[in-house]
Each structure stands twice: as structure tokens, then as C-alpha cells.
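# Close look at the chain arrangement
Below are the chains, spelled out letter by letter.
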Amino acid sequence: MIYVTRPFLPDLDELIPMLEEIWANRILTNQGPFHQKFQEALCQFLEAEHVSLMCNGTVALNAAIAAAEIAGEVITTPYSFVATTHSIAMAGLTPVFVDVREGDFTVDPSRIEAAITPRTSAILAVHVYGNPCDVDAIQAIADRHKLTVIYDAAHAFGVRYRGQSLLTYGDFSTLSFHATKAFNTFEGGAVVSATDAGQKLVNNYRNFGFVDEVTIPAIGGNTKMSEFNAALGLLQLNHFEEVRRQRAEVDRRYRLLLAGIEGIDMLPIPPEVEPNYTYFPILVRPEFRMSRDELYEYLKANGFHARRYFYPLLSSLPMYRDLLSSGHNNLPLATKVAEQILCLPMYHDLAEADQARLAEVIRGDPSSSALPLGIAG
Ligand code: T4K
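Residues numbered from 1 in each chain as written. Predicted model: local features only at pLDDT ≥ 70, side-chain atom pairs only at ≥ 80, totals over all residues. Heavy atoms only, no water.

Turning to the site of the ligand, a few remarks are in order. Lining the immediate surroundings of the ligand are 23 residues, of which Thr58, Asp152, His155, Ser176 and Tyr309 lie closest. One nitrogen or oxygen atom from the side chain of Thr58 is found 2.6 Å from an oxygen atom belonging to the ligand. Protein chains shield 75% of the accessible area of the ligand, which is 920 Å² for the free molecule. Listing elements by their share of the shell around the ligand, those giving two or more residues are helix 3 (57–68) and helix 4 (82–90). A per-class count over the shell around the ligand returns nine nonpolar, 11 polar and three charged. When residues of the shell around the ligand are assigned to domains, at least three fall in each of domain 1 (12–98 + 106–236) and domain 2 (240–368). (Near = heavy atom within 4 Å. Polar contact = N/O pair within 3.5 Å; in protein donor to acceptor, adjacent residues only side chain to side chain. Areas by Shrake-Rupley, 256 points an atom, 1.4 Å probe, with all protein chains shown as cover. Helix = DSSP H or I, 4+ residues; strand = E, 2+ residues; numbered from the N terminus. Nonpolar A, V, L, I, M, F, W, Y, C, P; charged D, E, K, R; others polar. Domains from an automatic or database assignment.)

Encoded structure:
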């Protein structure tokens, strides 16, 4: 089976000296030497002054929300991974869903103002597949209404927009270094804060609220990254640009192989974006010869496990479906996209022959082994 992703790993030979160092100094966690080095390396690589490492992308969201010191309602998108909305709800806040826009499926800024109430305190937007949100429009709205802006940038590691890191926008951006991402530390994540003060609050959250052995001015948890994950991160960083180049090549081949198939649309890459190619989403339009779900099953029967990122829509989940903002009429585009989206296998060493075969299966080449569901004779 070809899965939707296959993590990049450095050679074990590269990792062993680092493991020997961890074994020798016996500092395994609590912001040890590898943690410090990786955090500094990321500040440089991500062009961000304030990076706080975390043990995954979900707690990075939790930390950013806690540091934002917000209450009431948070404007957000229904078109994301479930961690985005859960992190709002877990903080005792109410998510208010706003529809997405055409082209990149990030939250539609022209619909945000109508959703603002006296209880609104923040906007939590998602750079979906690493596509930049309309950061200027969102910031202008936030400034007008004095709202905090948090970007869930789980997909946006290394993405540059208009020549600068995408992570320099908003008050906080959160990253995921999960195994399935273009940059992984097995599990891991980070918060990028815009200010010193913001980062201090994030760091308090990360380490029980400790400032020193006897000073605990804030409530906090334990969301630290271990020395093993940090050492791995340092190694992975050496390979990221090579991985990005390989992924770009896979993306280029898909665009050639899938061009001109009726009812299959690919997302354009805007010229001002330097992507990281974490995902390869396609839209299965009604003109295609089978539905998205039929294509998903058909691909699986032919050895390709594509994924429906993101389906179901978060506003349709049992704990959110009764919110006023969850009505289908409020979210027509997100509803449609969630029903048409399919993310094809995308990883650095996806073989050209596998891509070509996948494209043949989508085109309906009769030599593919399983019959398409719903059109079987
Ligand atoms: N915000 C957004 C917008 C996100 O997309 C995510 C996570 C988060 C926040 C939260 O960040 P983290 O807390 O996760 O750091 C996966 C990932 O678990 C999740 O990180 C990711 N987004 C989401 C979009 O996808 P699943 O349930 O699809 O993963 P799973 O286990 O089915 O893996 C997909 C395929 O990847 C497998 O079929 C095989 C391959 N795989 C997977 C793993 C775990 C490997 O080859 N090796 C592996 O170790 O959620």
C-alpha cells in the first residue's frame, strides 16, 4: 500500500553521535542542551525571534491560546484538523465558524466582521496545506476590533510569503512536527510568538509556570520537548531544503500527470508563496466519472491510501453541530470542499512510476486491477 505520506528520516549514523551525547550527559529533558540548540537553530531558520519548542502541535495551540489570555468567542474555520477547534473548546472558549474562501480554503476575511460580537476576543485561522491566509485583511480586522490573531501553522513549516517567513504574521503561530509533516521530530511542535511578553507566557505554560526553583507566578502544564526529539530536529533541519526540493519535484510530476482530467482540479501555487509541499490536494468535481468517496475507495483497492483532509467538516461533529455558526447555510463553500477534497500520497521519495500508475488509475485505465465502485458492470 502507498500511504498518504512516508516520513523522511536521516541516516542512523548521523543520529548515533547525538544519542551518545545524550547518554553521556544524562540530561534527557527539561530544556537541556539539545533543546536550546534546536530552538536557536529554528529561530534562525524560521526568521523568528521567539520560538518555543513543544511536544506536539496540539499543545502548541493550547499554549498559544493560554498565552493570548482571551475569553468568550473565537472566530475560526470549520475546515481544518480537529485539533484546531478542540483547542478552542478545551480552553473553555466558544468557536464561531466562518466559511472559507475559494482558491486556498483558508478562512474568508470578508465574512469575519459579520461574525464578531461583543464577546469575540480572537481569530484562530489556519494556513491550510501551508497556503497563507489573507494575513493583511485579517490583521486589519483584528486591529479595528482589538482581537488577538493566532495562526495554526501546523502545515506551514518553512513556508515563505512575499519573501519572508509566513510565521512572522499574527500574535502567535503554532507548528506541528508530527511524523506526517514535511518536517518531523516524530512528535513535536512549536509556538512562534510576536513579542517577548507573549513568549514568556507561552514558556510559563510549557513548564508548570516555573520561573525558577521557587518562583511559580502562573498556572502551567508540561508540554516540553525531550532531548531526543530536539536532537532529531537538529538533524532533520540539515535535510529540510533537500526534502523540500524532492517534494517540489513530486508536486511538479503530479501537475503534469493529472493535467486535463475532466472533473479533477488541483490547487494553484500563488507566485508569492514558497511552499513546503506537505500535501497534494485535489478536488473531485461532479463532472468526474465517480464521487470523491468512490474514488477514495477505488484508489485504496488499487493500493493507494489517499486521505480526505479535511472531512468531516468540524462544524458537523457532535460537540459543535448545535452552534449557531455551524449551519450549512453559513458554511456553503467549506461544506462543498469537504465533500470534494482528496489528498494524494505526497512524500519526498514517492516514485515516479507509482505516481504514473496512480494517475492511470484516476484516468480510468482499464489495466488497473479493481473496478471503480458504482460504475462496475
Ligand atoms: N492543526 C492542524 C491544521 C493539523 O493538521 C494538525 C495535525 C494539528 C493542528 C495538530 O498537530 P499534532 O498535535 O498532530 O502535532 C494526521 C496527524 O496525526 C496529524 O498530525 C495531522 N495534523 C493530520 C492532518 O494527519 P491521521 O489520523 O491522518 O494520521 P495517520 O496515523 O492515519 O497517518 C497518516 C498516514 O501517514 C498513515 O496512513 C501512514 C503514514 N504514517 C503515519 C505515521 C503516524 C507513517 O508512515 N508513519 C507514521 O509514523 O492524522
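After that view of the structure, there is still more to cover.
The side chains of a regular strand alternate between the sheet's two faces. In terms of burial, strand 4 (residues 120–126) is a largely internal element, seven of the seven residues being buried. Both strand 2 (residues 73–76) and strand 4 contribute to a ladder of four bridges, which runs parallel. Directly across from Thr76, in strand 4, lies its bridge partner Leu124. For strand 4 and strand 5 (residues 148–152), the ladder comprises five bridges, and the chain directions are parallel. The residue of strand 5 that forms the bridge with Ile123 is Val149. Chirality of the crossover, the property in question, places the unit of strand 4, helix 6 (residues 135–145) and strand 5 among those that are right-handed. (Buried < 20%, exposed > 50% of the residue type's maximum accessible area, 1.4 Å probe, protein only. Pairing = 2+ DSSP bridges. Right-handed = clockwise from strand over helix to strand, strands pointing away.)

Under the counting rule described, the total for this entry stands at 21 aromatic pairs. Ring centres of Phe45 and Phe157 lie 5.7 Å apart, and the angle between their planes is 20°; this geometry places the pair in the stacked category. Here Phe45 is found in helix 2 (residues 33–45), whereas its partner Phe157 is found in the loop between strand 5 and strand 6 (160–161), with 112 residues between them in sequence. By the ring-pair criterion, three or more aromatic residues cluster together here, those being Phe38, Phe45, Phe157, Phe177, Phe183 and Phe240. A cation over a ring is seen here: Lys37 above Phe34, with NZ or CZ 4.7 Å from the ring centre. One Lys or Arg, Arg292, reaches over the ring of Tyr311 and ends 4.6 Å from the middle of that ring. (Phe/Tyr/Trp six-rings, centres within 6.5 Å; stacked < 30°, edge-to-face > 60°. Lys NZ or Arg CZ within 6 Å of the ring centre and 35° of its normal.)

Where burial is concerned, most of strand 12 (residues 280–284) is hidden: five out of the five residues are buried. Residues Phe280, Ile282 and Val284 of strand 12 are buried on one face, and the alternating residues Pro281 and Leu283, pointing to the opposite face, are buried as well. As defined by bridge partners, strand 12 adjoins strand 13 (residues 341–344) across four bridges and the pair is classed as antiparallel. Opposite Leu283, over in strand 13, you have Ile341 as the bridge partner.

Spatially, three strands are ordered 7-6-11 in an open sheet, and the strand pairing comes out antiparallel. Strand pairing shows two members of the sheet lacking a second neighbour, strand 7 (164–165) and strand 11 (273–274), which therefore form its edges. As defined by bridge partners, strand 6 adjoins strand 7 across two bridges and the pair is classed as antiparallel. Pairing of Tyr161 across the sheet is with Gln164, part of strand 7.

The α-helix winds at 3.6 residues per turn, so residues separated by three or four positions along the chain end up facing the same way. Between its terminal C-alpha atoms helix 2 stretches 18 Å, which fits the 18 Å expected from 13 residues at 1.5 Å a residue. Looking at the packing, one finds that the buried side of helix 2 touches helix 1 (12–25), strand 1 (50–54), helix 7 (196–206) and helix 8 (227–257). Backbone geometry just after helix 2 places Glu47 at a positive phi near 55°. (Expected span 1.5 Å × (residues − 1). Contact = heavy atoms within 4.5 Å.)

The subject of this paragraph is the environment of Glu360. Mapped onto the elements, Glu360 comes out in helix 11 (residues 352–363). C-alpha of Glu360 to C-alpha of Leu258: the two residues are 102 residues apart in sequence and 9.0 Å apart in space.

Our focus in this paragraph is the environment of Leu175. Positionally, Leu175 belongs in strand 8 (residues 172–176). Assessed through its relative accessible area of 0%, Leu175 is described here as buried. Through-space distance from the C-alpha of Leu175 to that of Ala153 is 5.1 Å; in sequence the pair is 22 residues apart.

To continue, consider the domain arrangement of the chain. In terms of domain boundaries, the chain breaks down into domain 1 (12–98 + 106–236) and domain 2 (240–368). With centres defined by C-alpha atoms, the gap from domain 1 to domain 2 works out at 26 Å. If you look at the interface, domain 1 gives 33 residues, while domain 2 gives 32 residues. For the pair domain 1 and domain 2, the two sides together bury roughly 2700 Å², of which 65% comes from carbon and sulfur. If you sort the residues of domain 1 by the area they bury against domain 2, Tyr79, Phe97 and Tyr129 come out on top, with a joint share of 26%. Counting across the interface, domain 1 meets domain 2 through one salt bridge. There are 13 residue pairs in polar contact (both at pLDDT 80 or more) connecting domain 1 and domain 2. For the side of domain 1 that touches domain 2, the elements supplying multiple residues, two or more each, are helix 4, strand 3 (94–97) and strand 6. For the side of domain 1 that touches domain 2, the per-class residue count stands at 19 nonpolar, 10 polar and four charged. (Buried area = accessible area lost by both parts, 1.4 Å probe. Salt bridge = Lys/Arg side-chain N within 4 Å of Asp/Glu carboxyl O.)

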